[in-house]
Amino acid sequence: MSTAHKLQDEWLLSYAAGALNPGRSLMVASHLAYHDDLQNTVADAEVIGGTLLNAMDEAEVNDSVFDQLMSRIEKNPRPEVKPVASTSSAYPEALTEFIGSDVNSLKWHFMGPGMQQTRLWTGPNDERLWLLRARGGVMVPEHGHNGEEWTLLLKGSYSTERGTYGVGDVDSADESIVHQPKVTPDEECVCLVFAEGPVRLNSMLGRLVQPLIGV
Amino acid sequence: MTQPSATEPAATASSNADENQQMVALVVLVAENRDRTAFMQIFRYFAPRVKGFLVGRGLTSHAADDVLQEVMLAIWNKAGSYDPAKAAISTWIFTIARYKYIDRLRRESRHKTDSDDLDLKPSDAPVADENVLQDQRQIAVQAAIANLPADQQSVIFLSFIKGLAHSEIAEQLGLPLGTVKSRIRRAFARLREELGEMN
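Residues numbered from 1 in each chain as written. Chains lettered and ligands numbered in written order. Predicted model: local features only at pLDDT ≥ 70, side-chain atom pairs only at ≥ 80, totals over all residues. Heavy atoms only, no water.

Visitor: Which residues make up the pairing of strand 3 (residues 128–134) of chain A, and what values go with them?
Guide: Residues and elements named next belong to chain A. In terms of burial, strand 3 is a largely internal element, 6 of the 7 residues being buried. Of the strand pairs in this sheet, strand 2 (residues 115–122) and strand 3 are connected by 7 bridges, and their pairing is antiparallel. Bridging across to strand 3, Met115 finds its partner in Ala134. Taking the residues between adjacent antiparallel strands as the criterion, strand 2 and strand 3 are bridged by 5 residues, where Asp126 takes a positive phi near 70 degrees. Note that strand 3 and strand 10 (residues 189–195) share 7 bridges and pair antiparallel. Bridged to Arg133 within strand 10 is Val190. (Buried < 20%, exposed > 50% of the residue type's maximum accessible area, 1.4 Å probe, protein only. Helix = DSSP H or I, 4+ residues; strand = E, 2+ residues; numbered from the N terminus. Pairing = 2+ DSSP bridges.)

Below, the structure written as structure tokens:
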């Protein structure tokens, strides 16, 4: 796994700052789960956040906020600590928390031969976050991008002209890249995908079915 | 742009460290004794700052109060999981505020998936010998931010205070996107250098 398949520091900083939209933010949080070194980088950036919080301009907080808070606490002063969601899950905790259930219990939709998708989030500027599941050996239809696309490999692997991507890697593609990932044979591939807009399918058939398959 | 007073490092820095040690003691009281007075003191110090953080990102005062309540409730509920060897209190609270803020953005978007609280630990850092080291890290960062060139300081403030994405910073400063990214990388590298010397 090379550094080329990891998100760069400027993204880690913006993640730590809370400056990414919810889709990208989940993407980074999931990516981090695979890389201790990136976790250390984010922890450093969080020190910046804590330092600036100390120095933050104070906003006026009405007493009623504290009163309301205390009455919520009175109702439930010792909340049960929730059992950690199945620690055996093969997927990053941030992702299972976001979904609120197990990845395998999601409702999947047909996306093409051997491919299924499920949308997790749609942003105000048509950003989209979804999970893609593809059978081993499948060729994902050739496509380009409107804006940036990040693909995080959660299971299995795939190859493009630019290299092979395995679990924990992020494949980052922008407008200039048209690609046709080929899933490595014999193992199912599951990816978390964030895109700034709809993908651009290059084939006529692809464009015809695009409204139906939701990408 | 409202800039925090990171430009006056040394004098305020040591008092911040004392404050952090006091806050650590208060969080322990909340965790172990469910001490409401201790919690109120934490609230008095952090609530106006957390709200400042939320309002700085464009939330209305009303919306900020809602999120602020969630943040403070999480502090009450999760005080027991706070580890002073891993992060200063303000760093811990910052990560909670960040999570609750992003969670609110998500709830406002179209595809709503209900989620319960994510485990609100700051990202795992190498465990330091003593929590005092975490104070020193903050002091070092505060001084280092103050010493950054103005152009690098501004991308740090726009990210952490205003919560702006790279493209938004580029637009606001009238710079190419690539320049913003490399400026953030350089600023971050300088700040990490300070932190690295402490490990």
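Continuing now.
Visitor: Account for the pattern of salt bridges, naming residues and giving values.
Guide: Side-chain pairing between opposite charges can occur once the charged atoms of the two side chains come close. Residue and element names in this part refer to chain A. Within this structure, the stated rule accounts for 19 salt bridges over all chains. For Arg24, the salt bridge identified is with Glu148, shortest N-O distance 3.1 Å. Note that Arg24 is positioned in helix 2 (residues 22–32) and Glu148 in the loop between strand 4 (143–145) and strand 5 (149–155), a separation of 124 residues in sequence. Of the two residues examined, Arg24 and Glu148, each falls in the buried class. (Salt bridge = Lys/Arg side-chain N within 4 Å of Asp/Glu carboxyl O.)

Visitor: Any chance you could break down the interface of chain B and chain A for me, citing the residues and the numbers?
Guide: The partner chain A presents 61 residues to the 73 residues of chain B that form the contact. Across the chain B/chain A interface, buried area totals approximately 6,400 Å², and carbon plus sulfur atoms make up 62% of it. The three residues of chain B that bury the most area against chain A are B:Gln69, B:Phe160 and B:Phe188, which together make up 11% of that side's buried surface. Taken together, the links from chain B to chain A amount to 7 salt bridges. On inspection of chain B and its partner chain A, the count reaches 22 residue pairs in polar contact (both at pLDDT 80 or more). Counting residues per element, the ones that place at least two in the side of chain B that touches chain A are helix 2 (36–56), helix 3 (61–78), helix 4 (89–108), helix 5 (131–147), helix 6 (150–160) and helix 8 (177–196) of chain B. Among the elements that take part in the side of chain B that touches chain A, helix 2 of chain B stands out by supplying 13 residues, more than any other. In terms of residue class, the side of chain B that touches chain A is built from 35 nonpolar, 19 polar and 19 charged. (Contact = heavy atoms within 4.5 Å. Buried area = accessible area lost by both parts, 1.4 Å probe. Polar contact = N/O pair within 3.5 Å; in protein donor to acceptor, adjacent residues only side chain to side chain. Nonpolar A, V, L, I, M, F, W, Y, C, P; charged D, E, K, R; others polar.)

Visitor: Any details on the layout of surface pockets? Residues and values, ideally.
Guide: What the largest pocket holds in volume is close to 950 Å³. Lining of the largest pocket is provided by 41 residues; of these, A:Trp11, A:Asn21, A:Arg24, A:Glu196 and B:Ala165 occupy positions nearest its centre. Mapped onto the lining of the largest pocket, the elements with two or more residues apiece are helix 1 (9–17), helix 2 and strand 8 (170–173) of chain A together with helix 4, helix 7 (166–173) and helix 8 of chain B. Counted by class, the lining of the largest pocket contains 19 nonpolar, 10 polar and 12 charged residues. Residue assignment places the lining of the largest pocket across two domains, with domain 1 (3–97) and domain 2 (100–213) of chain A each supplying three or more. (1 Å grid on protein atoms, 1.4 Å probe; cavity = no way out; pocket = protein on both sides within 12 Å on 5 of 7 lines; lining within 4 Å. Points joined across faces, edges and corners; volume = space filled by probe spheres on them. Domains from an automatic or database assignment.)

Visitor: Explain the confidence of the model for chain A to me, using residue names and the numbers behind them.
Guide: Put simply, chain A has an average pLDDT of 88, and 88% of its residues get 70 or more. In the model of chain A, helix 6 (residues 204–213) of chain A stands out as the element of lowest mean pLDDT, 65, in contrast to helix 1 of chain A, which has the highest, 98. (pLDDT = per-residue confidence, 0-100.)

Visitor: Outline the sheet that holds strand 7 (residues 163–165) of chain A, listing residues and values.
Guide: All names here are of chain A. The sheet built from 3 strands is open, its strands ordered 7-6-9 with antiparallel pairing. Where the open sheet ends on each side, the last strands, each with one partner, are strand 7 and strand 9 (182–183). As paired strands, strand 6 (residues 158–160) and strand 9 are joined by 2 bridges and run antiparallel to one another. The residue bridging Ser159 from the neighbouring strand is Lys182, located in strand 9.

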